[in-house]
Structures are given as C-alpha cells and as structure tokens.
Amino acid sequence: MNQRPFGNLGQLVSEIGFGAWAIGGSWGDVSESDAKAALHAALDSGTTFIDTADVYGDGRSERIIAAVLKERGGPKPFVATKAGRRLDPHVAQGYTAANLNAFVDRSLTNLDTDCLDLVQLHCPPTEVYYRPEVFEAMDAMVTAGKIRHYGVSVEKVEEGLKAIEYPGVKSVQVIYNVFRQRPADLFLREARARGIAVIVRVPLASGLLTGKMTANTAFAADDHRHFNREGQAFDKGETFAGVPFDIALKAVDEIRPLVPQGVTMAQFALRWILMNEGVTTVIPGAKNPEQAKANNVASDLPPLTDAAMAALRTLYLEKIAPYVHHQW
C-alpha cells in the first residue's frame, strides 16, 4: 500500500482508506460481523486511514471502529469522523459551539478515545463557510485537546475553495471520480498548493463504477440508492454521484473496453483518482473482506495510460458533464 502525506501535518496515510458509511447504515443490511471483518481485512492489507461520521447508523459505524481497534491493539490508524448532520433541522444557525462540542463529546464516547484525530464539518449549508465563529469554535476544541485537527466535507467545489481560506482547516473531503471531474479543474491544485489534505469520497459513484449494476438492479428500501436518487434525504450528488442512473449505465458500458485484463472496473476507477497528485486518500466502502482487499489492490496498479485518461475525459465532457458539472 502506497502512502501519501496528509497535507502539512507531517503524517503519512494510506492512499486507499476505508469509508465506513456502508458499515453504519443506508447501504442495505450489513451484519456487525461482516462489518468488523471488512474493516479487519482493510487494515490487514495496508489501510491506515478510516473515515466515518456520527450519523452513520446513529453512531454504529463509530462504535464498530472502536471495537475493531480495541481487538487489534498496537499502532492505531488515523480515524476521521464528522459532525453537524445530527442537527434537525440541518441549518447554518445550528452550527454553534455548544452543539459542535456536544457532537464531538458523543463521538469521543463512541470511538472510545480521549482525543479525535480529525473532525470534519459534515457537508454544512453553504452559509456556514461564511461564519468565522464556526471555525473559531473548532479552533477552541483543538486548543482544549478534544480534537487534534479539523476539516470540512463539502458538496460543492466553491465551498472547498472558501473553506481552505481558514488557517485551521487541514483537510477537505470532496466527491471526485470518473463521473465527477470538476475538482481537478482548480480545487485540487489549490488545496495541494496550500498543503491541504484531500479526502475523496463516493469514488465508485455509489457502486456504478464497479460495472456490476444493470437497469434491473434492485436496492433495499433502507439503501440510499433506492430512497435518495432525487435528493429526498440529502444532496442527490451523494447518490450515483448525481448522474441519472440510465445515463450512467450507458457510460459504464463505454468504460468497459478501457479496463485492462486482470483488473476490475472498481480498481480501474480508484486508480484513475490516484493519478491526481492533489488527492491524499480515497475512501471506498466495503461490506465484506473481499471488497476491502480488492479495493486496496488499486494502490499497486500501474498508472493508467494516456489514451485511457484521454478517453475518460472525453466521455465525461460529452456524456456526463451536462448533468453534473454545473451543480457541484
């Protein structure tokens, strides 16, 4: 597993991390034993970065991570969580020092630790990025020793560009994949120039870029790919990267011939993301050990060819960008 510097923190993390949304909830049923086995497999095969959130399974994901790390003992991976989405309603006015401290206290308990490695504001309303007092509250928690560092998870490129103006922001999490290429236009360069770590989520477009889905694929009622296609529960860009399902399936068929023999489409899609030096770590999810191990193989693949990179760029511009580029 290759390592990359986590921004300017002086710490290395695995370039393939573990996204722990799926072991928390909203991806169909995942048993606790499968969830633990998936995380163990990821760690055994080189993962040193885990991303979770306090709302994934209402804390289930955080608690599973704590249990696995306790079972393993020894050096701990870098664990990032998120705060803010417990607000109901989820509005900018709710991002107060009191609320954020309460969320962090709960995560400290769930993760069974006395200091959190990284807390990310969890896709807050755009207005939050224009409220310095929110970032001052995060600075105060660093000073108090509750959190070591903080960052933001954003929906829009513009939010990321605004966030990195605050000196305390050490990382930005953003959607970036073959179907969401806009961050490479400006944001990834700016973040790298400022020493900001970039965590890439939704790398496989909610599973589309595994190449395993068809028009007849059915999703469980509690799977966001069933209930959030039009943004009914949260930003629709989090589901299938915001691309209409039928359009995406046609694009996936055009990608198939580009995938080298012996490589899965998922590994190919992950390797595409790692081609950009502005990316720090990619956080695919995994529901079982086999998926976790397969994800990590992407780190060891050779670079994609210039021809493949050019073909994927053309496909994006011609078939996908009209649906997503202007929105996020």
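Note that the structure is predicted; figures quoted are calculated from it, not measured. (Residues numbered from 1 in each chain as written. Predicted model: local features only at pLDDT ≥ 70, side-chain atom pairs only at ≥ 80, totals over all residues. Heavy atoms only, no water.)

Turning next to the pattern of salt bridges. All told, the structure shown has 21 salt bridges when counted by the stated rule. Residue Lys 36 pairs with Glu 71 through a salt bridge whose shortest N-O separation is 3.5 Å. Taken together, the residues span a long stretch of sequence, with Lys 36 in helix 1 (residues 32–44) and Glu 71 in helix 2 (residues 60–72) at a distance of 35 residues. With a closest N to O distance of 3.5 Å, Asp 185 and Arg 313 form a salt bridge. Here the residue Asp 185 occupies a position in the loop between strand 8 (169–175) and helix 6 (187–193), and Arg 313 occupies one in helix 11 (residues 306–324), the gap between them amounting to 128 residues. Look at Asp 185 and you get partly exposed, because its relative accessible area is 34%. One network of salt bridges, in which partners are shared, links Glu 32, Lys 36 and Glu 71. (Salt bridge = Lys/Arg side-chain N within 4 Å of Asp/Glu carboxyl O. Helix = DSSP H or I, 4+ residues; strand = E, 2+ residues; numbered from the N terminus. Buried < 20%, exposed > 50% of the residue type's maximum accessible area, 1.4 Å probe, protein only.)

Phe 179 and Ile 255 are the most contacted members of the largest nonpolar core, which has 95 residues in total. Per-element tally for this core: the top contributor is helix 9 (residues 265–274), with 8 residues. What Phe 179 contacts, discounting residues up to four positions off in sequence, is Ala 205, Leu 208, Leu 209, Ala 241, Val 243, Ala 248, Ala 251, Val 252, Ile 255, Tyr 316, Ile 320 and Val 324. Among the nonpolar cores identified, the runner-up in size contains 9 residues, and Phe 6, Phe 78, Ala 197 and Ile 199 belong to it. (Core = buried A, V, L, I, M, F, W, Y, C linked by side-chain atoms within 4.5 Å. Contact = heavy atoms within 4.5 Å.)

Quick look at the pairing of strand 7 (residues 147–153) now. Buried residues dominate strand 7, accounting for 5 of its 7 residues. Alignment of strand 6 (residues 116–122) against strand 7, held across 6 bridges, turns out to be parallel. Residue pairing for strand 7: Leu 118 is matched across the bridge by His 149. Note that the unit made of strand 6, helix 4 (residues 132–144) and strand 7 has a crossover that is right-handed. (Pairing = 2+ DSSP bridges. Right-handed = clockwise from strand over helix to strand, strands pointing away.)

As a further point, take the side chain of Thr 239. Here Thr 239 lies in the loop between helix 7 (224–227) and helix 8 (245–255). Thr 239 sits in the buried class, given a relative accessible area of 2%. Aside from chain neighbours lying at most four places away, what touches Thr 239 is Ser 206, His 224, Arg 225, Asn 228, Arg 229 and Phe 234.

Considering only enclosed or pocket space, the second largest pocket measures out at about 270 Å³ in volume. Along its surface, the second largest pocket is lined by 17 residues, and Leu 69, Lys 76, Val 79, Leu 111 and Thr 113 are the ones closest to its centre. For the lining of the second largest pocket, the elements supplying multiple residues, two or more each, are helix 2, strand 5 (78–83) and strand 6. At 4 residues, the largest contribution of residues to the lining of the second largest pocket is made by helix 2. Among the residues forming the lining of the second largest pocket, the class breakdown is 9 nonpolar, 2 polar and 6 charged. (1 Å grid on protein atoms, 1.4 Å probe; cavity = no way out; pocket = protein on both sides within 12 Å on 5 of 7 lines; lining within 4 Å. Points joined across faces, edges and corners; volume = space filled by probe spheres on them. Nonpolar A, V, L, I, M, F, W, Y, C, P; charged D, E, K, R; others polar.)

It is worth spelling out the packing of helix 1 against helix 10 (residues 289–297) at this point. At a closest axis distance of 7 Å, the pairing of helix 1 and helix 10 adopts a crossing angle of 25°. One finds that helix 1 runs roughly parallel with respect to helix 10. With respect to the hand of their crossing, helix 1 and helix 10 are arranged in right-handed fashion. Across the interface between the two elements, Ala 37, Ala 38, Ala 41 and Ala 42 from helix 1 touch Pro 289, Ala 292, Lys 293 and Asn 296 from helix 10. Of the residues assigned to the contact of helix 1 with helix 10, the class counts are 6 nonpolar, 1 polar and 1 charged. (Axes fitted to C-alpha atoms, helices over the stretch in contact; angles between N-to-C directions. Parallel < 35°, antiparallel > 145°, perpendicular 65-115°, else oblique. Left-handed = near helix turned anticlockwise from the far one by under 90°.)

Turning our eyes to something else, we now look at helix 8. Within helix 8 the residues assigned to the buried category are Phe 245, Ile 247, Ala 248, Leu 249, Ala 251, Val 252 and Ile 255. On its buried face, helix 8 sits against helix 9 and helix 11.

To continue, consider a negative patch on the surface. On the surface, Asp 29, Asp 34, Asp 222 and Glu 290 cluster together to form a negatively charged patch. Tracing the backbone shows Asp 29 in the loop between strand 3 (18–19) and helix 1. Look at Asp 29 and you get exposed, because its relative accessible area is 74%. (Patch = residues over 30% accessible without salt bridge, like charges linked within 9 Å, V, L, I, M, F, W, Y side chains within 5 Å. Areas by Shrake-Rupley, 256 points an atom, 1.4 Å probe, with all protein chains shown as cover. Lys, Arg positive; Asp, Glu negative; His and termini not counted. Charge placed at Lys NZ, Arg CZ, Asp CG, Glu CD.)

Here the focus is the pairing of strand 8. Counting buried residues along strand 8, 6 of its 7 residues qualify, which places the element largely inside the surrounding structure. Here strand 7 pairs with strand 8 via 3 bridges, running parallel. Residue pairing in the sheet places Val 152 in a bridge with Val 172 of strand 8. Across 5 bridges, strand 8 lies against strand 9 (residues 197–201) in parallel orientation. If you follow Gln 173 over to strand 9, its bridge partner there is Ile 199. Taken together, strand 8, helix 6 and strand 9 form a β-α-β motif whose crossover is right-handed.

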